[in-house]
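# Structure at a glance
Single-letter residue listing:
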Amino acid sequence: MPELPQSLKQALSLVQKPGRYTGGEPGCICKDAAAVDVRMAFCFPDTYEIGMSFLGMKILYELLNAHENWWCERCFLPWVDMKAEMERLGIPLYALESKDPLTAFDIVGFSLEYELCYTNVLAMLRLAGIPLRAAERDGRWPLIIAGGPCVCNAEPMADFFDAMQLGEGEEMLQSICAAVEAAKKHGWSRERLLRELAAIPGVYVPAFYDVEYEADGRFKAIRPNRPGVPPKVTRAIVRDLDSIPPPRDFVVPMVGAVQDRACVEVLRGCVRGCRFCQAGQIYRPFRERSPAVISESARALCQNTGYDELSLSSLSTSDHSRLEEILDAVNAWAPGEHVSLSLPSLRVDNFSRSLVEKTTRVRKSGLTFAPEAGTQRLRDVINKNVTWEQLERTCRIAFSQGYTAVKLYFMMGLPTETLEDIKGIADTCQKVVDLYYSLDHAKGRGVQVTASVACFVPKPWTPFQFCAQDRREALREKQRYLLSCVRSRKVKVNYHDSATSVLEGVFAKGDRRLGRVIEAAFEAGACYDTWEEFFDYDRWLAAFAACGLDPDFYNYRPLGVEEPAPWDHLDAGVSRRYLAREYQKALRAEPSPPCNRQCSGCGADKLLGRPCF
Amino acid sequence: MTTVRIFFEKQGEAAYVSLLDLQRVFHRALKRSGLPVWYTEGFNPHIYLAFCSPLPLGQESVCESCDVKTAAEPPYGAAWAAALQPCMPGGITVTGAAAAVHKAGEVAAARYAITLPAAAAPALAAYNAAGSVPAEKKTKRGARVVELKAAVPALSWQGRGDTLRLETTLPCASDGENLNPALLLGALQTLAGEAGAAFAPWQCRILRTALLLPDGTPFC
C-alpha cells in the first residue's frame, strides 16, 4: 500500500470526513498504471456521498475495468473544506484509486445528471488544472467527455467538452475507449480522434457544429461544419438488456452514501408517458431484464458486497410485466442470506397486498407515492393516470399493513394550473389523514402525511417543452396559498425556494451561448449550486447581465411547436410530432394510455428496430 | 456460544475510516465471508459485533480487534482471517482470530509508537523539564484538565533522519482512565510553539502497537 503524500495527509487532517478522499473501499479496482493502455477518470460532479449512490457509475466502472488493458477510476467533487485545502496546498484533483491527478489520464468523463451541477464540472476541471474550454485544449490534455441525461440538450455545456454521449453508455463508452486506445497506438491528432468519435452512434462532437441565431436572439439552426459529420446524432441504446447483465460487484462506500445498498436495474424506459417527465421520454423504448438474470445477478451482488439490503430499481419497477416472478425468485434466497428487499418507485395503480407482503419482511417505515397533482383534471393534463380511488385503495392497504407515514410527491407550476388545483394538494393530504382515522388503527398511533411539493420545470424532449415556466412570484404566491389551505398538524408540507428551479429551467432549454454565463458565474464563485447554502441567485443574474443575455428569454417564453430548438440536431428517440400531439391533448385534459396497452406512436421504437411490445 | 476476537491492523488510508464506518465494513465483510457468526434475534436481525477500545480517527494500529459470537468450534485463526481479508478496504489487514481470552473491560493501557518531525526535539525536552503539563480533555460531560505528567512522567526518543520516534504507554481503560495520544501530541505542539519550533499534527504518526492488561501483559 503506497504511503499517502505529505500534502494530502495535511489536507486530510484538516477536513471533515476525510474517508471520502482516500479511496481503498472494498470492491475498488487497482491496476498497474504503467501496464494499461487507456486510463479513464470517471468524474461525478457532486460530492462523494451523492456520486457513490449513482448506479450508472457502477455499471460503467465494472464494464470498463473488465478490459484488462483499460483502467477506470473514480473522482468526485471534494466538499468545500477539502477543496479549499487542496487549492491552498496545491494538490491537483486526483482519482481515488491511484491518487494520480486527472491530467495523468487519457479520458476524463463527467456524468451530467442535473443542470445545477454544471459549475461543479468547471470547478473539477479547474482544480485539476485543466483548461475549461475545449477550444483551449490540444491533444496533450486528456479527452474531456460527458454523458448522462443532460446531454439531451447538450448546448449549454457544449463549449467545455470534446465529445458528449447521447444515450446509454454501455456500448458507446467502450467504443470511445477503444478509439482512444487506437489514437494512442497510431499517434492520431486530436482532430482525427474526434472525427473517429463523431462516427460512433450517439457521440456528439460540439466543435464540429456551428450554431446560427435569429436577429431577435432566437435559436435558428445548428449544422455540421465539416464533411462526414452526421447532421443528426441519434441516441445510443442497449437493445437487449439481458445482453449486458447488471454489475456483480460494487465499490462499497465506507463513508455513508445516500443510497448505500445493493441495487439492480430491472427495466429501462417507462410505459407511462407522464407529460412533465423527461426521464419517461428520453429513456424510451421500454425494455425489461428477465427475472432469472435479475435474481441471479442480485444474489451475486449481495454476496460480493456483503450488502444486506437489495433495491430493485427503475423508473417504475411495478410496471415490470413479470414483477411477481422476480420477487418470488429473489425471495427464494434473500431471507436465508439475510437480505431484505425494497422496491422504490411503486405506483398507486398497481400496488397490491402481495407486493407489500413480499417486500416488507424487515422494516416498516414510510411509503412514498407520487400523485404529482392535486386534482383529477390536472392529473389528466399531465397524464399521471392516477385516481383518488387508487390512492385511497393503496393507502388502505398500507395502513392495514402497519404503515403510519405516507409521503406524497406533488408539483406546482404545472401547465393550466389554477388555485383550485393547489387547494387540491392540501385536500388530498387531508383525505389520506381522514382515511387513516376511519380505519382500525393502534390506539394512540397517529398518522403523518408529508406533501413534498416541487416546482415544475419544463424540460426538453417532453410534451411540456413548449410551455413557459411559471414565474417565481406566481410560485411563491401558490406556496403561500397552499400553506393557508392546510388545516391539520398531521399534514406537513415541504417545498423549497424556486430560484434553483428557475436556473434549472433556463439551462434545460438553453442554447450554446449559456456556456459563457456558466463560466462567468463560476469565475465569480458559483459552485455547489445544488446546495442551497451556496446557491447565490444574484451572482447568476450578474453573470447573465455581464454576458448580455436575459434568463427570462429561455424559460419564461413558450416554444413554438414549429420553432427550432437548440436540441434539434440530437435525436433522443421520441419525435417532435408526437410531443406536439401530446401537448395538444394535455391542453384538452385528455390522458394517453400507457404504451404497453396502446402505442402512442412516439417514434422511439426506431431505436429498437422493431415494435416495443 | 464462543466469543471470537478478530485481530486486525488499521494503517495508511484506513486511518480515516471512522468507528461507525468500520462497523459497516465488518458487518459486510462478515456477511460476505459466510463465516458462521451469530445474528441478534430481534425484529431486525443483524450480526453482533463489538470493537475493543476503538481508535480515534487519523491514528493507526497493529492491534485492533473486533469481537463476534459463533457456535462454531475452534480453531478460527488463519481460515477466518483468509475469509475476511478479501472484503476489507485498503489498509485493513486481518492478522488472526481466536477465542477471546480476556474481557474487553480488562484492558488498562495502550502502547504507542509516535513519529514526530525532528523539529519537535525542543518540545520533547521541554516536556521532560516541565513540572506540570496540563491538557484539556473534552468529553460528552464537558471539558476537564488532566495532568499528563502523572501518566507519562518522562519521554524518551530516538532520532531517525528527519524524524523522531518515541514509545509511550497511556491509560486506555474502557470505563476508567483513558488518555488519547492526540492530547499528548497537542501538548507537545503547544510546547513546541513556546520553544519557537512549531510542527503540525499531520507531520506526526500515531501507531498503536499493543493493548495491555493491568499487569502489563498483552490483551488477547
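Residues numbered from 1 in each chain as written. Chains lettered and ligands numbered in written order. Predicted model: local features only at pLDDT ≥ 70, side-chain atom pairs only at ≥ 80, totals over all residues.

## Side note on the overall build of chain B
Formally: Helix numbers and strand numbers start at the N terminus; a helix is a DSSP run of H or I with at least 4 residues, a strand a run of E with at least 2. Burial is judged by counting the other C-beta atoms within 10 Å of a residue's own C-beta: 20 or more makes it buried, 12 or fewer makes it exposed, and any count in between marks it as partly exposed, with every C-beta position built from the backbone. In this description, a residue-residue contact is defined by the distance between C-beta atoms placed from the backbone, which must lie within 7 Å.
When its secondary structure is counted, chain B shows five helices and ten strands. Going through the 220 residues of chain B one by one, you find that 34% of them count as buried. Residue pairs at least 24 apart in sequence account for 74% of intrachain contacts in chain B once pairs closer than 6 positions are excluded.

## Examining the domain arrangement of chain B
Residue and element names in this part refer to chain B. Heads up, the rule is: Start and end points for every domain follow an automatic or database-based domain assignment. Note on residue categories: nonpolar means Ala, Val, Leu, Ile, Met, Phe, Trp, Tyr, Cys or Pro, charged means Asp, Glu, Lys or Arg, and polar means any other residue, Gly included.
Annotation of chain B at the domain level lists domain 1 (2-100) and domain 2 (106-212). Each of domain 1 and domain 2 was reduced to a C-alpha centroid, and the two centroids are 28 Å apart. Each partner contributes residues to the interface: domain 1 has nine residues there, and domain 2 has 13 residues. Residue composition of the side of domain 1 that touches domain 2, grouped by class: five nonpolar, three polar and one charged.

## Observations concerning the packing of helix α9 (residues 291-305) of chain A against helix α10 (residues 323-331) of chain A
Residue and element names in this part refer to chain A. Basically, it comes down to this: Axes, fitted as lines to C-alpha atoms, cover a helix only where it is in contact. Angles between the N-to-C directions of the axes lie from 0 to 180 degrees. An angle counts as roughly parallel when it lies under 35 degrees, as roughly antiparallel when it exceeds 145, as roughly perpendicular when it falls between 65 and 115, and as oblique in every other case. Crossing handedness follows the turn of the near helix against the far one: under a right angle anticlockwise gives a left-handed crossing, and clockwise gives a right-handed one.
Running from N to C, α9 and α10 cross one another at 30 degrees; their axes reach a closest spacing of 9 Å. By the angle between their axes, α9 is roughly parallel relative to α10. In this structure, the crossing between α9 and α10 has a hand that is right-handed. Taking contact as the criterion, the partners of Pro291, Ala292, Ile294, Ser295 and Ala298 in α9 are, on α10, Glu325, Ile326, Ala329 and Val330. Its residues placed into classes, the contact of α9 with α10 shows seven nonpolar, one polar and one charged.

## Thoughts on the packing of helix α17 (residues 514-523) of chain A against helix α18 (residues 537-546) of chain A
All names here are of chain A. Close contact between α17 and α18 brings their axes to 8 Å; oriented N to C, the two are set at 130 degrees. It follows from the interaxial angle that α17 and α18 lie oblique. The element α17 and its partner α18 pack so that their crossing is right-handed. Contacts between α17 and α18 involve Val517, Ala520 and Ala521 from the first element and Arg539, Trp540, Ala543, Phe544 and Ala546 from the second. Of the residues that constitute the contact of α17 with α18, the class distribution is seven nonpolar, no polar and one charged.

## Topic: the sheet that holds strand β17 (residues 448-455) of chain A
Residues and elements named next belong to chain A. Applied cut-off: When DSSP finds at least two bridges between two strands, those strands are taken to pair.
Reading across from one edge, β15-β16-β17-β18 is the order of the four strands in this open sheet, with parallel pairing throughout. Since the sheet does not close on itself, it has two edges, and those belong to β15 (367-372) and β18 (491-495), each with one partner. In this sheet, adjacent strand axes meet at a mean angle of 25 degrees when their direction is disregarded. Here four bridges tie β15 to strand β16 (residues 405-412), and the two strands are oriented parallel to one another. By the bridge assignment for β16, Thr368 is matched with Lys407. Helix α13 (residues 388-400) contacts β15 and β16 of the sheet and is inclined by roughly 175 degrees relative to β15.

## Observations regarding the domain arrangement of chain A
Residues and elements named next belong to chain A. As assigned here, chain A comprises domain 1 (6-230), domain 2 (237-362 + 577-613) and domain 3 (364-496). The C-alpha-based centres of domain 2 and domain 3 are spaced at 23 Å. The interface of domain 2 with domain 3 comprises 23 residues on the first partner and 27 residues on the second. Every element with two or more residues in the side of domain 2 that touches domain 3 is listed here: α8 (278-282), α11 (353-359) and α20 (576-587). Per element, the largest residue contribution to the side of domain 2 that touches domain 3 is five residues, and it comes from α20. For the side of domain 2 that touches domain 3, the class distribution of residues is 13 nonpolar, five polar and five charged.

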